[in-house]
Amino acid sequence: MLLDGAHVPRIRTKLRGRAVVVVSRAYDDEADLRGLRRYIRDNDPVLIGAGAGADVLLKAGHVPALVIGAMDHLSDAAIRAAGEVVVTTSSGTVDMPERLERHGKEIVTFVSTGADDDLAIVLADTNEAAVIVHVGAPATLSKFLERPPSEVARMFVARL
């Protein structure tokens, strides 16, 4: 998956050659997003809400072009507002499909066990985003390495 993009879905949202901002709810997510206000205005990046990060985008007055996450990580407001919904699932089946039907959303399924933000980064990279900015990521290497080893490993590999 990481090297060749195997099993990473193709999406309708055009990312090729575009800047992407992936927002996850962690660390100083709201402050990070405020700090990128000018960048977002000047560069018109594709905004991706990873799990609860979609609500961070909405709270800041932004509309996510795409939300990605397990159904229990995505709010109804995020699903309703998003241009495209990518549901992550380890089994290939979607829990609570009636929530999607209620909002009239078609979905793309991403079969994987990764964290929402890691999968959002892999999705953006595989769909050929020019640059990926991660809001809500650890700000320093020290903060990154303070995480449990299993989290450091998965985060490192996805960003590699």
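The structure we're discussing is the one just above.
The structure contained in this document is the topic of the report that follows. (Residues numbered from 1 in each chain as written. Predicted model: local features only at pLDDT ≥ 70, side-chain atom pairs only at ≥ 80, totals over all residues. Heavy atoms only, no water.)

### Some details on the pattern of salt bridges
Within the structure shown, the criterion is met by 7 salt bridges. A salt bridge links E128 to R16; the nearest nitrogen and oxygen atoms lie 3.0 Å apart. Of this pair, E128 sits in the loop between helix 6 (116–126) and strand 6 (131–135) while R16 sits in the segment before strand 1 (19–24), and the two are 112 residues apart along the sequence. A relative accessible area of 39% means that E128 is categorised as partly exposed. Salt-bridge contacts for D76 lead to R102; the nearest nitrogen and oxygen are separated by 3.9 Å. Here R102 lies in helix 5 (residues 97–102) and D76 lies in helix 4 (residues 76–81), a separation of 26 residues in the sequence. The class for D76 is partly exposed, based on a relative accessible area of 28%. Several salt bridges share partner residues, and in doing so they unite R38, R41 and D42 into one network. (Salt bridge = Lys/Arg side-chain N within 4 Å of Asp/Glu carboxyl O. Helix = DSSP H or I, 4+ residues; strand = E, 2+ residues; numbered from the N terminus. Buried < 20%, exposed > 50% of the residue type's maximum accessible area, 1.4 Å probe, protein only.)

### Considering the side chain of H103
By the element assignment, H103 lies in the loop between helix 5 and strand 5 (107–111). Given a relative accessible area of 19%, H103 falls into the buried group. Apart from residues lying up to four places away in sequence, H103 is in contact with D76, I79 and R80. (Contact = heavy atoms within 4.5 Å.)

### Notes on the pairing of strand 2 (residues 46–50)
Burial of strand 2 is extensive: 5 of the 5 residues sit out of reach of the surface. Neither face of strand 2 is left uncovered, since the one carrying V46, I48 and A50 and the one carrying L47 and G49 both have all their residues buried. The sheet contact formed by strand 1 and strand 2 spans 5 bridges and is parallel. Across the sheet, residue V20 finds its bridge partner in strand 2, namely V46. Examined bridge by bridge, strand 2 and strand 3 (residues 66–69) share 3 bridges and lie parallel to one another. (Pairing = 2+ DSSP bridges.)

### Let's talk about the nonpolar core
Grouped together as the largest cluster of nonpolar side chains are 20 residues, with contacts concentrated most on V20, I48, I68, V86 and L123. For this core, the element with the highest residue contribution is helix 6, accounting for 6 residues. In contact with I48, not counting residues within four places along its chain, are V20, V21, V22, V23, L57, L66, I68, A120 and A124. By size, the runner-up hydrophobic cluster in this structure holds 10 residues, among which are M71, A82, V85 and V87. (Core = buried A, V, L, I, M, F, W, Y, C linked by side-chain atoms within 4.5 Å.)

### Considerations on helix 6
Of all 11 residues in helix 6, 10 are buried; the element is thus mostly enclosed. By the burial criterion, the buried members of helix 6 are D116, D117, D118, L119, A120, I121, V122, L123, A124 and T126. Positive phi appears at E128, one or two residues downstream of helix 6, with a value of about 65 degrees.

### Considering the side chain of N127
Checked against the element boundaries, N127 lands in the loop between helix 6 and strand 6. A residue is classified by how much of its surface remains accessible, and N127, at 9% relative accessible area, is buried. A distance of 3.2 Å separates a polar atom in the side chain of N127 from the backbone oxygen of P9. Apart from the residues lying within four places of it in its own chain, the contact partners of N127 are P9, R10, I11, L15 and R16. (Polar contact = N/O pair within 3.5 Å; in protein donor to acceptor, adjacent residues only side chain to side chain.)

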